[in-house]
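A structural walkthrough
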Amino acid sequence: MKKRQMYMRMITASLMRRRSRMLVALLSIAIGATVLSGLITIYYDVPRQMGAQFRNYGANMILTDADGSFTLSDMQQGTAVIPADALVGAAPYRYENVRIHEQPIVAAGTDMAGARATSPFWRVEGEWCSADGQILVGANVAESFRLKAGEMLTVSYTPETAQTQEDETVLDNTIDLEITGVLDTGGPEEDYVYMSLADLETLTGESGTIDVAELSVSANADELSSYVDRINASVPAVKAHLVKRVTASETTVLSKLQALVLLVTIVVLALTMICVATTMTAVVTERRKEIGLRKAIGASDRSIIGEFLGESMMLGGIGGVLGVVLGYVFAQQVSINVFSSSIRFQWLLVPITILVSILVTGLSSLLPIRSATEVDPALVLKGE
Amino acid sequence: MFLRMIRGTLLRQWKKMLMIAFTIALGASLAAAMLSVMLDVGDKVNQELKTYGANITVVPKSSSVLNDLYDVEGEESAGAYLREDELGKIKTIFWAFNIVDYAPFLNTQANLDDGSEIQVTGSWFNHHMELPTGETLDAGIASMRSWWELKEGLWLDEQTTDENSAMVGAELAEAQGLHAGDTIHVTGTAADLLLHVSGIYDAGGDEDNQLYVPLNTAQALGGLDGKVDSIEVSALTTPDNELAERAAKNPASLTVAQYEIWYCTAYASSICYQIQEVITDSVASPVRQVADSEGAILEKTQLLMVLITILSLIGAALGICNLVTASVMERSSEIGLMKAIGAQNGAISGLVLTEIFITAIFGGVIGFLAGFGFAQIIGHTVFGSAITMKPMVIPIVAVLVVLVTLIGSIPAIRMLLRLRPAEVLHGGH
């Protein structure tokens, strides 16, 4: 007990007395540990954060009919399989041929909030529809009919029962909708008009069914295919497909990005570790005189090595703790600045960072200590 | 004498100096590697994002209204086509270098022998072009439809197979019982052809019910010689900003200076504008789904790399500072001796600084080369291509090394100058 107390006292006293020198060493260890914990936190969080960015590409899964009638409740059963935090958005679509100014146009009925979440790339000039009784028109439709946001638009639909009649227009259903915005996507959506599902049901007089549901799911390729399998197995009313173009490309790009961050982390880490090692070597080499003196008054090599090792491992520990804190702060800053969301803290990194930093400092001081103890004390003290 | 003293230090204390040089080399290599990767990551990720396919589509003016809205078919829609002979011009625009890939498309309806009507799409698969600039380009859907999964057979190779070949969508192949190597008889509006099935693909979309044939074959089937429905262009673009958005709406609204900036920046909108200039009666528009997402992902990746680079630069700088300070401080007794025999403060600082700087330059050059090597390793492992070295990395790293060495040695030197020679030499500081 007495011996251990003395040991601790020697270590701490040595650290305290050589304060400025030790602070310098501590700083470099702390930087190394910061890089370790900060970059690894980012490495683990990149797929999640970048995955969210990739959802800009729109739906990566679609649900279609499997049993002859596809209803909103079928869709809800399907989406229920996917965990709520992975589901970015889900939008039902029902397409009908309607007429505007007596010209045939494809109209889609959807849930506007869902469509906005699944298709973040839709650019609306004007406002998104926020209530029933409103309509979004595609840019091409708007151009050919000279439509602008704020105008009223009459949409008509010929029910199937009336299509056999001689003068079909008489039996048309019509609905007046307010144009809230013009939709610009650079894709086929520009040729369609979008209204709420309820309005389309009122217009057609038939309700309950949809054609397809678009889902935007934040998950990696394996998770996505497992969701598809589970939906297909547990919900017989729908068939789930992956949108290959989006999922395949996302996997490619995301894996490259993660590999990039990993490699960068390894390179930075290796270099900072070497930096720590050189600093520790310098710190120990400086104290050859002290080692010589101790040997001269009868200290064994073992006790000298043990003491120096204890000292540097203590430094490593303190540096590691500092590094964990600073690394988290750094990762958090990066995450907030780059992705505008907070980072997930990896608890496992706390012991790992501290352990690695103790190991690296301990190992990097071990070699110079050993070589210092082999020196003849008389020579060292004499100054040669 | 000065030179002799420096040479003496470098030769006698070479171990210590080597350590400083080593640390500086480490820091410099880290800085060089990270800066090179950071400056090139935009281009690299941009290339990767090309797997999403085209980000610009070119259609004839008013074709969308005629074909899509009014369901006009066949000869009535004459005029709403682009000209095949103008396709090469896309590679002559100002931003030609940024156009990675493009392919024309021509859709036509055709009947199979059992009476079923299918859509036949003509396109380039791996079209080989000799450009006026002397470059060659292999463009077409073989690279632009990278997500297509080949179920059977091979991609249609325009160079080796004759024109009467086709690739069949998975669902169509299943419905018709087709396999790679079979022949299929297709009757178009203008001709009927016997096509050789070279491969079967699964695209996970509408294309699975279609037949893809070389452009000339589709033109022959539909009697549409020299005509093209649409062009998909895959271009490396800069994320849009406010200027680009304003320009996209109306380029005439810009001032001359703004117009020049816009025209000479690789925005999707300015590339579209330039394509419209060379293709008669065309409307080029960015595919928002791809263009916007690319912009967002690129920006995020670059920002992420910038921040990681800053962290590693700070780490490297502090590491070097540390070691330089430590190694200068170690020489207190030597400097005490110099002072005792009458050396001026200026002379001592000059001596120490020169020694450190010679070491730093040595370490910096080696570090820079090593860093370049690290960058190449990263480039080859992650992206499978070399990282382009930007010349601006050299001055940045040089300034960094000089600055860090100065900052690291100045406080140490000042401390040494304050030492009293008697105390130092006596050994009791």
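Residues numbered from 1 in each chain as written. Chains lettered and ligands numbered in written order. Predicted model: local features only at pLDDT ≥ 70, side-chain atom pairs only at ≥ 80, totals over all residues. Heavy atoms only, no water.

Some words on the confidence of the model for chain B
All names here are of chain B.
- Per-chain confidence: chain B averages 81 in pLDDT, with 94% of residues scoring 70 or above.
- Ranking the helices and strands of chain B by mean pLDDT puts strand β11 (residues 210-214) first, with 90, and helix α3 (residues 63-70) last, with 49.
- For residues 72-78, every residue scores under 50 in pLDDT, and the model assigns this stretch four contacts once sequence neighbours within four places are set aside.
- Note on the complex model: pTM 0.74, ipTM 0.74. (pLDDT = per-residue confidence, 0-100. Helix = DSSP H or I, 4+ residues; strand = E, 2+ residues; numbered from the N terminus. Contact = heavy atoms within 4.5 Å.)

A few points about the interface of chain B and chain A
- Taken together, the contact between chain B and chain A spans 61 residues of the former and 59 residues of the latter.
- Carbon and sulfur atoms supply 72% of the area that chain B and chain A bury against each other, a total of about 5600 Å² over both sides.
- At the junction of chain B and chain A, the tally comes to two salt bridges.
- Among the ionic pairs, K244 of chain A bridges to E149 of chain B, the shortest N-O distance being 3.0 Å.
- Scanning the region where chain B abuts chain A turns up three residue pairs in polar contact (both at pLDDT 80 or more). (Buried area = accessible area lost by both parts, 1.4 Å probe. Salt bridge = Lys/Arg side-chain N within 4 Å of Asp/Glu carboxyl O. Polar contact = N/O pair within 3.5 Å; in protein donor to acceptor, adjacent residues only side chain to side chain.)

With respect to the domain arrangement of chain B
- Under the domain assignment used here, chain B contains domain 1 (2-45 + 295-426) and domain 2 (55-286).
- Inter-centroid distance (C-alpha atoms) of domain 1 of chain B to domain 2 of chain B is 54 Å. (Domains from an automatic or database assignment.)

Some points on a nonpolar patch on the surface
Residue and element names in this part refer to chain B.
- Together, W14, L18, F362 and I366 make up a nonpolar patch on the protein surface, roughly 430 Å² of accessible area in all.
- Listed by contribution, the elements that provide at least two residues to the nonpolar patch are α2 (14-49) and α12 (345-383).
- Its location among the elements puts I366 in helix α12. (Patch = residues over 30% accessible without salt bridge, like charges linked within 9 Å, V, L, I, M, F, W, Y side chains within 5 Å. Areas by Shrake-Rupley, 256 points an atom, 1.4 Å probe, with all protein chains shown as cover.)

A few points about the pattern of salt bridges
- Inspection of the entire model under this criterion finds 16 salt bridges over all chains.
- As a salt-bridge pair, D40 of chain B and K44 of chain B come within 3.1 Å of each other at their nearest N and O atoms. Residue D40 of chain B and its partner K44 of chain B are located together in helix α2, separated by four residues, close to a single helical turn. Comparing D40 of chain B with K44 of chain B, the two get one shared label, buried.
- One continuous salt-bridge network, built from bridges that share partners, spans K244 of chain A together with E149, K151 and D202 of chain B. (Buried < 20%, exposed > 50% of the residue type's maximum accessible area, 1.4 Å probe, protein only.)

A closer look at the environment of V382 of chain B
- Its place among the elements puts V382 of chain B in helix α12.
- The class for V382 of chain B is buried, based on a relative accessible area of 4%.
- Those residues in contact with V382 of chain B that lie beyond four places of it in its chain are K256, A259, L260 and L263 of chain A.

Some details on the side chain of N140 of chain A
- In this fold, N140 of chain A is placed in helix α5 (residues 139-145).
- Separated by 2.6 Å, the side chains of N140 of chain A and D191 of chain A make a polar contact.

Section: helix α9 (residues 268-278) of chain B
All names here are of chain B.
- With respect to burial, α9 is a largely interior element, eight of its 11 residues being buried.
- Among the residues making up α9, those that are buried are A268, S269, S270, I271, C272, Q274, I275 and V278.
- Where the residues of α9 are buried, they touch β1 (56-60), β3 (99-112), β13 (230-235), α7 (242-249), α8 (256-263) and β14 (282-286).

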